[in-house]
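Structural characterization, general
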Amino acid sequence: MTDILRISAAVAEALAKGRPVVALETSIVGQGLPAPHNLRAARECEAAIREEGATPATVGVLDGQIHVGLDDAELVRIATAAIKVSSRDLGPAIAHGAVGATTVAATMRAAAMAGIRFLATGGIGGVHRGHPEDESADLVELGRTQVAVFCAGAKIILDLALTLERLESLSVPVLGYGCDEFPAFYTARSGCPISARVDGPDDTAAALRAAWATGARGVVVAVPPPGELEDAEKIVQRALRELAGVSGPEVTPRLLARVAELSGGRSLDLNVELVVNNARVAARVAGGIID
Ligand code: PSU
Ligand code: MN
């Protein structure tokens, strides 16, 4: 396995010493955010995790290996030209020497291979609005891989209610971090329930420990965003209407670009802020769970 898994020296040392480690996905760097926000988000996430006394493990596919822990030059390679790699794409991407930006699902797999239990992202994938057959592999991966995923809800373009129904079927706990509703990415409130509320890092660590001791696999820790995008739902609805004719992989980037325009760039700044906030919370909880 070591030939396809390359754990950086810093991450290997932290793991060997039983210190807290937080994995970071890179699909947000490769596809989710435009430059320069993408690299800013990745670098600020790493800094926030270090500030909390944990070690960041940014994940990507490079030179025929899954890298767990990237240096800045490697991060730039991913930001510059990477294909999107979900869990099913890992094998071919490794075999073909692709430069791959990993989704939550693929990053969970890499984290589990390395022995990391904590992962931070902006929003998880889920069930698409109006196209319930389009469901992210993130959900199935959450049902089978023992990693806690810290997020501000799901991607804004998704159907939150259907996404939460699937997570319930997959027996994935959805913990509200100091909140009673599943956050809606750009705003704290969605009207959709979480499965249990947790308050603060210790309570979250205790809930995770007990969930895992009773056989839980993936756990979603939903953290409200640190700010609000005014009229978020209205803006998303408008962008969705305008792009009704667009289909395929074009949809998400076009939609997010339009949301950025309509919000005067505020959606991008908030996106960076919320990912960094999730990374910080993940590091605090990881610190509390390592005995
Ligand atoms: N949320 C965002 N932007 C993103 C993603 C999530 O706001 O780019 C990425 C994450 O990496 C997530 C992935 O795991 O999209 C899900 O993609 P898909 O629906 O194709 O599985
Ligand atoms: Mn999809």
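Described below are features of the structure shown in this document. All values reported here derive from a predicted model rather than from experimental measurement.

**A few points about the site of ligand 1**
Every residue lining ligand 1 is accounted for by Glu 25, Ser 27, Gly 32, Lys 84, Thr 103, Val 104, Gly 123, Ser 136, Asp 138, Lys 155 and Phe 185. Between an oxygen atom of ligand 1 and a main-chain N or O atom of Val 104, the distance comes to 2.8 Å. Ser 136 is positioned with one of its side-chain polar atoms (N or O) 2.7 Å from an oxygen atom of ligand 1. Expressed as a share of its isolated accessible area of 480 Å², the protein-covered part of ligand 1 is 90%.

**What to know about the nonpolar core**
Ranked by size, the top nonpolar core spans 105 residues in total, and within it Val 68, Phe 118, Ile 124, Phe 150, Phe 182 and Leu 208 carry the most contacts. Of all the elements, helix H12 (residues 266-289) adds the most residues to this core, at 13 residues. Setting aside its immediate chain neighbours within four residues, Leu 208 contacts Phe 118, Ala 148, Phe 150, Leu 175, Val 219, Val 285 and Ile 289.

**Side note on helix H6 (residues 104-114)**
Of all eleven residues in H6, eight are buried, a share of seventy percent or more. Within H6, the full set of buried residues consists of Val 104, Ala 105, Ala 106, Thr 107, Met 108, Ala 110, Ala 111 and Ala 114. Downstream of H6 by a residue or two, Gly 115 has a phi angle that is positive, lying close to 90°.

**Let's talk about helix H10 (residues 232-242)**
Buried within H10 we find Ala 232, Ile 235, Val 236 and Ala 239. Down the axis of H10, the sector holding all buried residues measures 95°, keeping them to one side. Counted as exposed and oriented over 90 degrees from the buried face of H10: Lys 234 and Arg 241. Residues of H10 that are buried in the fold lie against helix H11 (251-262).

**Observations concerning the packing of aromatic side chains**
Counted according to the given criterion, the structure contains two aromatic pairs. For the pair Phe 118 and Trp 212, a centre-to-centre distance of 6.1 Å together with 65° between the ring planes defines the contact as edge-to-face. In this pair, Phe 118 sits in strand E7 (residues 118-120) while Trp 212 sits in helix H9 (residues 200-213), placing the two residues 94 residues apart along the sequence. Phe 118 gets classed as buried once you look at its relative accessible area, which sits at 3%. For Trp 212, a relative accessible area of 11% gives the class buried. Ring geometry for Phe 185 and Tyr 186: centres 5.0 Å apart, planes at 75°, overall edge-to-face. Note on Tyr 186: relative accessible area 2%, which makes it buried. The ring of Trp 212 has Arg 117 sitting right over it, with the charged end atom 4.7 Å from the ring centre.

Procedures and definitions
Residues numbered from 1 in each chain as written. Chains lettered and ligands numbered in written order. Predicted model: local features only at pLDDT ≥ 70, side-chain atom pairs only at ≥ 80, totals over all residues. Heavy atoms only, no water. Near = heavy atom within 4 Å. Polar contact = N/O pair within 3.5 Å; in protein donor to acceptor, adjacent residues only side chain to side chain. Areas by Shrake-Rupley, 256 points an atom, 1.4 Å probe, with all protein chains shown as cover. Core = buried A, V, L, I, M, F, W, Y, C linked by side-chain atoms within 4.5 Å. Buried < 20%, exposed > 50% of the residue type's maximum accessible area, 1.4 Å probe, protein only. Helix = DSSP H or I, 4+ residues; strand = E, 2+ residues; numbered from the N terminus. Contact = heavy atoms within 4.5 Å. Arc of directions from axis to C-beta. Phe/Tyr/Trp six-rings, centres within 6.5 Å; stacked < 30°, edge-to-face > 60°. Lys NZ or Arg CZ within 6 Å of the ring centre and 35° of its normal.

Everything listed here is a matter of coordinates, which is why it stays silent on function.
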